[in-house]
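Spelled out, the chains give:
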Amino acid sequence: MDEYSDSDWNWDFYEGLVEDVNENKNIIQCIQCGKCVGECPAARISNFNIRKIITKVLRGDKSVLKEPDIWYCFLCERCKRVCPKEGINIPLLVINLRNESFRKSYGPKYNDLTKYVQMAEKFLTNGTVLSEPLDGGLPPERMEELNEICNHARIKYVFKASPESKNYDKIHRIIEKRKKLQKEKIKRK
Amino acid sequence: MVLNNLSLDHEEIRKNYPENPLEFFKDKKLCLFKACLEKYFPGVRYGIQDLLEVLDLDVITCANQSCCSGTFFQRNLITRPQFAAINERNLNEINHMADILLVSCNGCYNSLLRGRDFLRQSNIKKKTQAVLNNLKKNSSGENYPGKYELLKTPRLRIIHDLDFLHLIKDEVVNTLKFNLKGLKVAVHYGCHYLNLERDKRTEYGLKDSFFKDKTKLEDFINLFGGVPVDYQERESCCGWGASQIVLHEKDALKITFQKLKSVQNVGADLILTPCPTCLYTLGKPEHRENILKFYGEFIDVPVIHLNELIAILRGCEEERCVNIRKKDPRVHKIYEIITLD
Ligand code: SF4
Ligand code: SF4
């Protein structure tokens, strides 16, 4: 049974979440059919239940931001495919909820950022998430562009935990080092 | 301005080139989008590059392309405008050198289209523009200011490798030396191909094709002389789940295990996928071993990307792409099955 009564409707939370996401305004039309849950891989392996999460969002129940469940979504878009309603974009709603959760500092508890340190380092120094990509990384002189785009993003804070970051202290020094190596390589050729 | 109208219209090509859709691509410049995971599976790249060269198509890669950054967006490490700006930067670079962008990875494909989708939102569009403007302000010399604009009318069109290869399937088949000799093959499309609607021109009423059964991999298996086998978990996720396998390995591997078990139950000889991320998840030896550890069963059905399989069937393994096989026992196993009498 639904643990809420009709008087519990509260749109503030929902409006804040979808304020800039037009394509998610239709969440309000969710008919609670549960089809999304039936097809959801995250529901198979955790207590993640997106139908219940939508209910909470529509009732303004912010406790959802503290739940580990929202970090289980696979962002696989299966729910979008099976939902009988048009314009309900659950993966995007989940990303917004996670963002709010981050803002309130609950996020890192469930989103183990240590797992991203290496990937962040590769991306901000090479332009790819893996070391030694097939054709080498982004040319060093173009790396500054990526770093500029990512200014103030969480990826930069994650990067700070990498040994590379400690060694070189600033990303651009790594880039400078790569530039130098590249020049030496050209000279040798 | 239709900002998200980046996907190549397959139906239009079929209509205009009913005899041979390859003709449409003959005078075009084709660029291969570089997926990070091609590092582990070079055959995914070289397999298609070699084929295109043999078919006399003009094919390039873009040195200034970065990773699609989907991994970081999906885990909230970059914002939507930043993600859209990284995407727009890549599209700018590729747009000025190519007409068609071929994408070998479902993740990159989703990212490229999603980045454009976000620009339909006026505030995201504004913020993305601001990020790019800032780039211009701070750039100098070679970073030619004015370069990164939101592309209003890009000439570039994007197509997934699977859709492209399917369009020219008759030509592909003509290049083959070997066949699948009646092998039973299970397909795994991957969520961001199977469940995607971004590549459908919904505004023109083509949404139907989103719901239609997706059977292009099965078509290929038939054309290659194999037998497609259906299985219960055909449409389920590989277990990658936007890095769930990194964060909750045991739980995510349960999804992988259920899929592989279901494939084994129908007696499939191999699994065919059009995505290197799914390939990584389903095929990584460490994952198979951990499945044994966590769930008590070792499943050894090999998995292969469509581009790799075409390379093997073309006999390209023996020459140019030989390294693919030597470095990877997974591909070697399939190569032996297919090529040995
Ligand atoms: S996107 Fe998330 S909620 Fe939707 S089916 Fe996949 S795991 Fe479940
Ligand atoms: S499938 Fe759609 S309508 Fe049904 S519960 Fe899920 S979100 Fe709501």
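Criteria and cut-off values
- Residues numbered from 1 in each chain as written.
- Chains lettered and ligands numbered in written order.
- Predicted model: local features only at pLDDT ≥ 70, side-chain atom pairs only at ≥ 80, totals over all residues.
- Heavy atoms only, no water.
- Contact = heavy atoms within 4.5 Å.
- Buried area = accessible area lost by both parts, 1.4 Å probe.
- Salt bridge = Lys/Arg side-chain N within 4 Å of Asp/Glu carboxyl O.
- Polar contact = N/O pair within 3.5 Å; in protein donor to acceptor, adjacent residues only side chain to side chain.
- Helix = DSSP H or I, 4+ residues; strand = E, 2+ residues; numbered from the N terminus.
- Nonpolar A, V, L, I, M, F, W, Y, C, P; charged D, E, K, R; others polar.
- Buried < 20%, exposed > 50% of the residue type's maximum accessible area, 1.4 Å probe, protein only.
- Domains from an automatic or database assignment.
- Phe/Tyr/Trp six-rings, centres within 6.5 Å; stacked < 30°, edge-to-face > 60°.

A. Quick peek at the interface of chain A and chain B. If you look at the interface, chain A gives 54 residues, while chain B gives 73 residues. Here chain A packs against chain B, burying approximately 5600 Å² in sum over the two surfaces, 54% of which is carbon and sulfur. It is Arg81, Leu134 and Ile149 of chain A in chain A that bury the most area against chain B; as a group they hold 14% of the surface buried on that side. Of the charged contacts in the structure, one is a salt bridge between Asp135 of chain A and Arg45 of chain B, with a shortest N-O distance of 2.8 Å. On the surface where chain A and chain B come into contact, there are 28 residue pairs in polar contact (both at pLDDT 80 or more). At the level of secondary structure, the elements contributing two or more residues to the side of chain A that touches chain B comprise α3 (41–45), α5 (78–82), α6 (90–103), α8 (117–126), α9 (140–149) and α10 (154–159) of chain A. Classifying every residue of the side of chain A that touches chain B by side-chain character gives 29 nonpolar, 8 polar and 17 charged.

B. Main features of helix α4 (residues 50–58) of chain A. All names here are of chain A. Counting buried residues along α4, 7 of its 9 residues qualify, which places the element largely inside the surrounding structure. Listed as buried for α4 are Ile50, Ile53, Ile54, Thr55, Lys56, Val57 and Leu58. Residues of α4 that are buried sit in contact with α1 (11–18), α2 (35–38) and α6. A side-chain oxygen of the first residue of α4 lies 3.0 Å from the backbone nitrogen of Arg51; this N-cap is Asn49. Two residues or fewer past α4, Gly60 is found with a positive phi of approximately 75°.

C. Looking closely at the domain arrangement of chain B. Residue and element names in this part refer to chain B. When the domains of chain B are assigned, the result is domain 1 (10–159) and domain 2 (176–339). When residues of domain 1 are sorted by the area they lose upon contact with domain 2, Phe41, Arg75 and Asn106 head the list and together hold 24% of the total. If you look at where domain 1 meets domain 2, you find 1 salt bridge. With its nearest N and O atoms 3.1 Å apart, the salt bridge here joins Asp50 to Arg314.

D. Highlighting unusual backbone geometry. Residues and elements named next belong to chain B. Its identity is not glycine, yet Ser69 carries a phi of approximately 75°, on the positive side. As for its placement among the helices and strands, Ser69 is situated in the loop between β2 (58–60) and α4 (70–74). A positive phi angle is found at Ser243, which is not glycine, with a value near 75°. In this structure, Ser243 sits in the loop between β6 (227–228) and α13 (244–247).

E. How the structure looks around the packing of aromatic side chains. Residue and element names in this part refer to chain B. Taken as a whole and assessed by the stated rule, the structure comprises 15 aromatic pairs over all chains. On the numbers, 5.0 Å between centres and 90° between planes, the contact of Phe24 with Phe25 is edge-to-face. Of the two residues, Phe24 and Phe25, both sit in the buried class. Ring geometry for Trp240 and Tyr280: centres 6.1 Å apart, planes at 80°, overall edge-to-face. Placement of Trp240 in the loop between β6 and α13 and of Tyr280 in helix α15 (residues 276–283) is noted, with a sequence separation of 40 residues between them. Put simply, the rings of Tyr17, Phe24, Phe25 and Phe164 pair up and form one aromatic cluster.

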